[in-house]
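Summary of the model geometry
Here's the letter readout for the chains.
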Amino acid sequence: MQGYFGNFSHQEEHALDFDMPQGTNVCAIRDGVVVLLKEDSNVGGADKKFYNDGNYVLVYHNDGTMANYVYFRQNGVVVKLGDNIKQGDLIGYSGNTGFSSAPHLHLDVCLPYVGKKKTISTKFLLKNQKNEVLKVNQKYTK
Ligand SMILES: [Zn+2]
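First, a word on scope: everything that follows refers to the structure included in this document.

Reading guide: rules and limits
Residues numbered from 1 in each chain as written. Predicted model: local features only at pLDDT ≥ 70, side-chain atom pairs only at ≥ 80, totals over all residues. Heavy atoms only, no water. Donors = N, O, S within 2.8 Å, 3.2 Å for Na, K, Ca; no water. Tetrahedral: all angles 85-135°; square planar, octahedral: opposite > 155°, others 65-115°. Pairing = 2+ DSSP bridges. Helix = DSSP H or I, 4+ residues; strand = E, 2+ residues; numbered from the N terminus. Phe/Tyr/Trp six-rings, centres within 6.5 Å; stacked < 30°, edge-to-face > 60°. Contact = heavy atoms within 4.5 Å.

1. Some points on the coordination of the zinc ion
- Around the zinc ion, the donor atoms from the protein are H10 (NE2), D17 (OD), D17 (OD) and H106 (ND1), and they sit 2.0 to 2.8 Å away.
- Of note is the zinc ion, whose four donor atoms meet at the metal with angles of 51 to 154 degrees in an arrangement that counts as irregular.

2. Things to note about the pairing of strand β3 (residues 32–38)
- Where β3 lies against strand β7 (residues 84–85), two bridges are found, and the strand directions are antiparallel. Each bridged residue has a counterpart across the sheet, and for G32 the counterpart in β7 is I85.
- Note that β3 and strand β5 (residues 55–60) share five bridges and pair antiparallel. Following the sheet pairing, V33 is matched in β5 by Y60.

3. Quick notes on the packing of aromatic side chains
- All chains considered together, the criterion is met by one aromatic pair.
- With centroids separated by 5.4 Å and ring planes inclined at 35 degrees, the aromatic side chains of F8 and F99 adopt a geometry described as tilted. Taken together, the positions of F8 in the segment before β1 (15–19) and F99 in strand β9 (residues 98–99) put the pair 91 residues apart, joining distant regions of the chain.

4. A look at the environment of G92
- You can see G92 is positioned in strand β8 (residues 90–94).
- Measuring from C-alpha to C-alpha, the distance between G92 and Y60 comes to 16 Å, with 32 residues separating the pair along the chain.
- For G92, the residues in contact, after removing those within four places along its chain, are T24, N25, V26, F72, G76, V77 and V78.

These figures capture arrangement, not role.
Right, here's the structure in full:
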């Protein structure tokens, strides 16, 4: 529902918003270690005042990048700090907490940073076996 540098809230970042009903399984895109998470929020809406209320999981990958999964439902994170997770592992259930206009998953991949966040472009292995950057308003299946 929103792609890289999207007009609603991704103006300055490589970030993807996936339309999905609340409670949808969110699985890890890569192996990694859970380095930060929040799951206590139960508020959200299409207003920047909710910017810090989104529940999230930050996973560190062994190549130095990190995946940031955002807007889990309250108490909807099933991993713990320090957990080693594998690609495809369930990490939580989607929601609509934080600065979010509708139930969805926000995903960005970033480099470790101080100050301004540095997100990077990522490719996904598609059903046709091609590695591609996902485009907005497209449907992708496993
Ligand atoms: Zn987003």
